[in-house]
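Residue-level structural notes
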Amino acid sequence: MPQHRITIVHTGEEFGCDEEDNVLHAASDQLRRKDIPIGCCNGGCGVCKVRVTAGRYVTRKMSRAVCGQEEEASGCVLACKLYPRSDLTIEVVGKMVRAIVARRSTAFSFDFRATVQVVNPDKET
Amino acid sequence: MALTGVLRPGHVAIRVLEMAPALKHYKDILGLTEMGRDASDRVYLKAWDEHDHHSVVLREADEAGMDYMGWKVDSPATLKKLAADIERSGLATDTQWIPAGEHLHTGERFRFTVPTGHVMELYAEKDYVGNNCGTDGPNVNPDPWPDGLKGISPSRFDHCLLYGDDLDGTVKLFTEVLGFSLAEKVMTKADPDFMIGAFLTCSNKAHDVAFIRQPVKGKFHHASFELGSWEKVLHASDILSRTKTRIDIGPTRHGITRGETVYFFDPSGNRNEVFSGGYIHYPDKPAITWYDETLGPAIFYHDRELNEAFLSVFT
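Residues numbered from 1 in each chain as written. Chains lettered and ligands numbered in written order. Predicted model: local features only at pLDDT ≥ 70, side-chain atom pairs only at ≥ 80, totals over all residues. Heavy atoms only, no water.

A few points about the nonpolar core
All names here are of chain B. The biggest cluster of nonpolar side chains holds 61 residues, and the ones touching the most others in it are L58, W71, F112, L122, F174 and L178. Each of domain 1 (6-123) and domain 2 (158-312) gives at least three residues to this core. Residue contacts for L122: discarding those within four places in its chain leaves V6, W71, V73, L79, L82, I86, E108, R109, F110, F112 and L178. (Core = buried A, V, L, I, M, F, W, Y, C linked by side-chain atoms within 4.5 Å. Buried < 20%, exposed > 50% of the residue type's maximum accessible area, 1.4 Å probe, protein only. Domains from an automatic or database assignment. Contact = heavy atoms within 4.5 Å.)

Printed below as a string of structure tokens:
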């Protein structure tokens, strides 16, 4: 099975990823640090979003609430649904809230990025 | 009858990205029973001890998340009264009547959007199918549980936790218009009047729905299903690991509600919970207060801190 090298731009870290494996799973298997945030792992929450700056890939279905069509066209995809077809260079875009680890912090922080969107069940296309 | 008005959560409609893996999850792993499919390809499911036709409705869509949550009220007269009360309150938007039959085996529903952006429905009638425990006809000499249970097999859909911005407006609507009690609340220490979490009940349960203040509209944190014991929560966790279902956290205990829990994700990233325990709520019980600085043990009592996913990961 062809394996490709995935490079994370700002940390320079590299890991291998099979064509049948997703980039998030390969990263969490091989990297010691959590360079890509891990959320639902199933294409719904968007915290593992990355931008592919070089390379060929395919994706599986991702929630449009967290990865819109234009965004996807610009190379933004969810790492949990990203399958390489060549070596890839990626930037991490998604984010977890790190501000409230309650044991250490007394401040409740709402400082995180989220897609604000109301979905009307009858109007969704 | 002491328990009147809004009786209980009746259904949750969840959007899934692909129906086939969703059904494998909700039927084979969670262990709900498929009850039917409609002309729009929505799939209707129920847990074993529920008597009404369905409690979970899955719809394939381009976005994960929750379409709406439905509440069963005690009678058609109450449905009309509460619909008028909601209209009059000015707290809800996009109010509309959904005709009988739009959901399989369900009477008319009154749909409205609460200030946190979540779509809610009230209904009075859903066809009765029973829990299949009777040995001599429905509800006659019943066994304690039916044959043929699969997967985790919770007894019922129990509650949802939802994220949204105008928490005060939603709490006002649920308490002042729909008759819910605030069983537990999370406030900030800096401003003790600023609420960041509300656990609301319309029954004797510790919560029937909960909201956490976040700068979003209409977001879904989890739908929860009831198990009879802590040991069953551990057994559920074994099933989740065996089936390589993505576990979020647990098994552990919540400080809030005292429930024992495991959180996990469906194949579209929607969070599910199975839980047991919690206390019995009576309307004269004083509301429990937590503060932001103890949000860790309030949410995850054993770890005493939130995992990163609790606030960031939702659909």
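Picking up after the structure, the text goes on.
Here's the deal with the sheet that holds strand β7 (residues 109-113) of chain B
Residue and element names in this part refer to chain B. Read across the open sheet, the 8 strands follow the order β2-β3-β4-β1-β5-β8-β7-β6; overall the sheet is mixed. Each having just a single partner strand, β2 (33-37) and β6 (93-98) make up the two edges of the open sheet. For this sheet the average axis-to-axis angle between neighbouring strands, irrespective of direction, equals 25°. Alignment of strand β5 (residues 65-73) against strand β8 (residues 119-123), held across 4 bridges, turns out to be parallel. Among the inter-strand pairings, W71 is bridged to a residue of β8, identified as L122. (Pairing = 2+ DSSP bridges. Helix = DSSP H or I, 4+ residues; strand = E, 2+ residues; numbered from the N terminus. Axes fitted to C-alpha atoms, helices over the stretch in contact; angles between N-to-C directions.)

Concerning the sheet that holds strand β15 (residues 259-265) of chain B
Residues and elements named next belong to chain B. The mixed open sheet is built from 9 strands, whose spatial order is β14-β15-β16-β13-β9-β12-β11-β10-β17. A single partner strand is all that each edge strand has here, and the edge strands are β14 (247-253) and β17 (288-291). On average, adjacent strands in this sheet sit at an angle of 15° to one another, irrespective of strand direction. Sheet topology note: the strand β13 (residues 219-226)/strand β16 (residues 271-277) ladder contains 4 bridges and is parallel. Counted as the bridge partner of S224 is E273 from β16. Strands in contact with helix α3 (residues 167-177) are β10 (181-187), β11 (195-201) and β12 (209-213); relative to β11, the strand with the most contacts, it is inclined by about 20°.

Notes on the domain arrangement of chain B
All names here are of chain B. Partitioning chain B into structural domains gives domain 1 (6-123) and domain 2 (158-312). Each partner contributes to the interface: domain 1 provides 37 residues, whereas domain 2 provides 42 residues. Both sides together, the interface formed by domain 1 and domain 2 hides about 2,800 Å², and carbon and sulfur atoms give 75% of it. Looking only at domain 1, the three residues that lose the most surface to domain 2 are I29, P115 and T116, adding up to 20% of its buried area. Remark: the boundary between domain 1 and domain 2 carries 0 salt bridges. Here domain 1 is connected to domain 2 by 11 residue pairs in polar contact (both at pLDDT 80 or more). (Buried area = accessible area lost by both parts, 1.4 Å probe. Salt bridge = Lys/Arg side-chain N within 4 Å of Asp/Glu carboxyl O. Polar contact = N/O pair within 3.5 Å; in protein donor to acceptor, adjacent residues only side chain to side chain.)

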